[in-house]
Amino acid sequence: MPNFSWLHLGFLLQGVLWTVVLSVIAAVGGGLLGFAIALARTSRSAWARGASLVYVQVLQGTPLMILMFLGFFGFSLMGLHQLPAIVAAGVAMTLFSSAYLGEIWRGCIQSVPLAQWEAAECLGLSRWKSLTRVVLPQTLRIATPPTVGFAVQIVKNTSLASVVGFVELAQAGKIVNNSTFQPFIVYLLVAALYFMLCWPLSAWSKRLERSLNVSHR
Amino acid sequence: MNYQWGFLDLWPYWPEFLTGAWLTLKLTLVSTVAGFTLGMLCAVVRDSGPRLAQTVVSAYIEVIRNTPLLVQVFLVYFGLASLGILVDANMAAVLALAVNVGAYTCEIVRAGIESVKRSQREAGECLGLSWLQVYRHIVIAPAVERVYPALTGQYVMLMLASSITSQISAEELTAVANRVQSDTFRAFETYIVVWLIYLLLSLVVRLCFWSLAQLVFTRRRKLGTSL
Amino acid sequence: MSVIVELKNVHKRFGRDEVLRGISMSVRRGEVLAIIGPSGSGKSTALRCIDALESIHQGEIHVCGHQVHSAQLNRRQLRQDVGIVFQSYNLFPHLTVEQNIMLAPLEVKKMHKNEARQLAYDVLSTVGLIDKLDAYPEQLSGGQSQRVAIARSLAMKPQLMLFDEVTSSLDPQLTGEVLEVMRNLAQAGMTMILVTHEMAFARQVANTVVFMHEGRVREIGPGSMLDAPQTDELKAFVGNGL
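Fair warning: this is a prediction, and the values are worked out from it, not measured in the lab.

**Comments concerning the interface of chain A and chain B**
Thought 1: Contact with chain A, which involves 28 residues of that partner, is made by 28 residues of chain B.
Thought 2: Sorting the residues of the side of chain A that touches chain B by element identifies helix 3 (64–77), helix 6 (127–157) and helix 8 (183–216) of chain A as the ones contributing at least two each.
Thought 3: Considering every element that reaches the side of chain A that touches chain B, the biggest residue donor is helix 8 of chain A, with 11 residues.
Thought 4: Residues that form the side of chain A that touches chain B fall into these classes: 22 nonpolar, 5 polar and 1 charged.

**Describing the sheet that holds strand 10 (residues 216–221) of chain C**
All names here are of chain C.
Thought 1: Pairing in this open sheet of 6 strands is mixed, and the strands run 6-7-8-3-9-10 from one edge to the other. Each end of this open sheet is capped by a strand with a single partner; those strands are strand 6 (82–85) and strand 10. With direction set aside, neighbouring strand axes in the sheet form an average angle of 15°.

**As for the interface of chain B and chain C**
Thought 1: Taken together, the 20 residues of chain B in the interface contact 19 residues of chain C.
Thought 2: Of all elements in the fold, only helix 5 (118–126), helix 6 (131–161) and helix 9 (218–223) of chain B reach the threshold of two or more residues within the side of chain B that touches chain C.
Thought 3: In terms of residue class, the side of chain B that touches chain C is made up of 9 nonpolar, 7 polar and 4 charged.

**Describing the confidence of the model for chain B**
Thought 1: Taken residue by residue, chain B gives an average pLDDT of 92. The fraction at 70 or more is 99%.
Thought 2: Least confident of the elements in chain B is helix 9 of chain B, whose mean pLDDT is 89; most confident is helix 2 (residues 51–65) of chain B, at 96.

**Comments concerning helix 5 (residues 142–154) of chain C**
Residues and elements named next belong to chain C.
Thought 1: With 13 residues, helix 5 extends 18 Å from end C-alpha to end C-alpha; this agrees with the ideal 18 Å at 1.5 Å per step.
Thought 2: Burial of helix 5 is extensive: 12 of the 13 residues sit out of reach of the surface.
Thought 3: Where helix 5 is concerned, the buried positions are Gly143, Gln144, Ser145, Gln146, Arg147, Val148, Ala149, Ile150, Ala151, Arg152, Ser153 and Leu154.

Conventions we followed
Residues numbered from 1 in each chain as written. Chains lettered and ligands numbered in written order. Predicted model: local features only at pLDDT ≥ 70, side-chain atom pairs only at ≥ 80, totals over all residues. Contact = placed C-beta atoms within 7 Å. Helix = DSSP H or I, 4+ residues; strand = E, 2+ residues; numbered from the N terminus. Nonpolar A, V, L, I, M, F, W, Y, C, P; charged D, E, K, R; others polar. Pairing = 2+ DSSP bridges. Axes fitted to C-alpha atoms, helices over the stretch in contact; angles between N-to-C directions. pLDDT = per-residue confidence, 0-100. Expected span 1.5 Å × (residues − 1). Buried ≥ 20, exposed ≤ 12 C-beta atoms within 10 Å, placed from the backbone.

The structure is reproduced here in structure tokens:
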């Protein structure tokens, strides 16, 4: 039984790289889709509001692991076999993140006082222009701390991509463990690596929140 | 798409799905109670405990919040084994889940405690109540009532996250799904069914918490207002 | 009549701000002392020091046999002998009026539940709110809340009652009912120290009036001293007040 060596550490670090890649995919994909969801949740069309509400409620009532499996086996169903695991994982994480980001941003948009919308419309701006020129810039400041906070969740959630065989950090840990049979050391190291990825984001989010509260006073 | 849907193939497995769902609920219940207690104690320590204890609690929270639950579950399971303590998968699952949700509970309850005005505590002290009595009767009850929605959300997420413990072979719903799909080769249908069960369980858990609130928060039930 | 409250040359600082600059006063059992003065004169701070809500850095405070200025003070014991009512009543919103009143007797004096219930009933009758036993604080008016707050403090059978501007945040029509309760208490022989802006009340009910200005006691005397102010500061104060 080989002992834990630099080779194994290197493998873990590769896992870190793929964790970051998947996190970025989830953040960008989830962000774009989530933005659309947030707009739908605050739109004037009752249909859009209802449909996006159902979307959010369903996804927030689904374990991410189940979503991963559905993505994985769903693609097989559609005749798309032999797709790299990252596709299933990426799709599952995009959908999952979009529901939560959509809700966060909806809250932020709604926290901008109605008076701002009214003022913009009274100046003759269209709804879209009111949104993009007046409301969203104000939302941006409010939305940044919770969004950065959710980024931490995204990084942690990538660990579930291991169940569909994607070799990010958690899966790399499993593989190394199967080689060295020193689970405690291996997973402690894996935890430490996740901590190093997440903690700076958490700290930044807290700092942003504090500066936001100070400026509100 | 030339696929023959095979939901009927899953029908004979309904007792297993039921057992899995029931275990998921049990895991959630025990972890919630343990995690809530742990979180409450930590919140009180963070609010007014000795400096050293506050630092320990802060460190605990930061570690939990910045590492994935999956890794925490593995560490608890393999960690205990390496210490020579043999626990079955379900016990390890409960322990990991409780420690995890305890950290989040602490942060939520702490926000609630901070929302109770200092003048309330002063009034309690001026009636001769001890530090502990002030917490018990004046601070904790309104704090928990105020953050109850956040706590409910957290424990619903806990129920969903219990699916992760299938990775150490706890016999909850997702583990059942994995078994059934490898038996029937109807993977997609199995996970659809389990997905629907989880949605149903979310509603059940929310209903339980709502009923609990009606029972415990007499003032809110009688007056219909929030604190 | 023995002296049960004594302040000797009390100094208190908030940071670099000296809020109390050597104040002295005493109160005998059964006496009512009113502290008046402009905002910032340190009146509320003085009152809070008496109940050990603030610490002092020089001087002595003796209350009901306790040495409040000492580091060895047993705060819980002190608070059983002294009752305090605040400007913002501070009723516990999640408890009914009855529960608010019963809490301390049950927990601190370890009273039996039936005994505590009877006590709550008696003390609420004193303030005239017996019909509000099962109400929650949010259902009460300001004046009613304040009367419940007084009842809550009275339930602990204190030797001394402190009132910190208890009518300042009330509408004029609600002030009367609270002052009525306080007048009755004084007539029943309770030792009271009140910080107040109600000059007429202070004059009628108080045995001694203390006028404070910028952290010092400028004048002490019976209520009638307000008609014949000696110092310029008091002259200016009553000129504006009455």
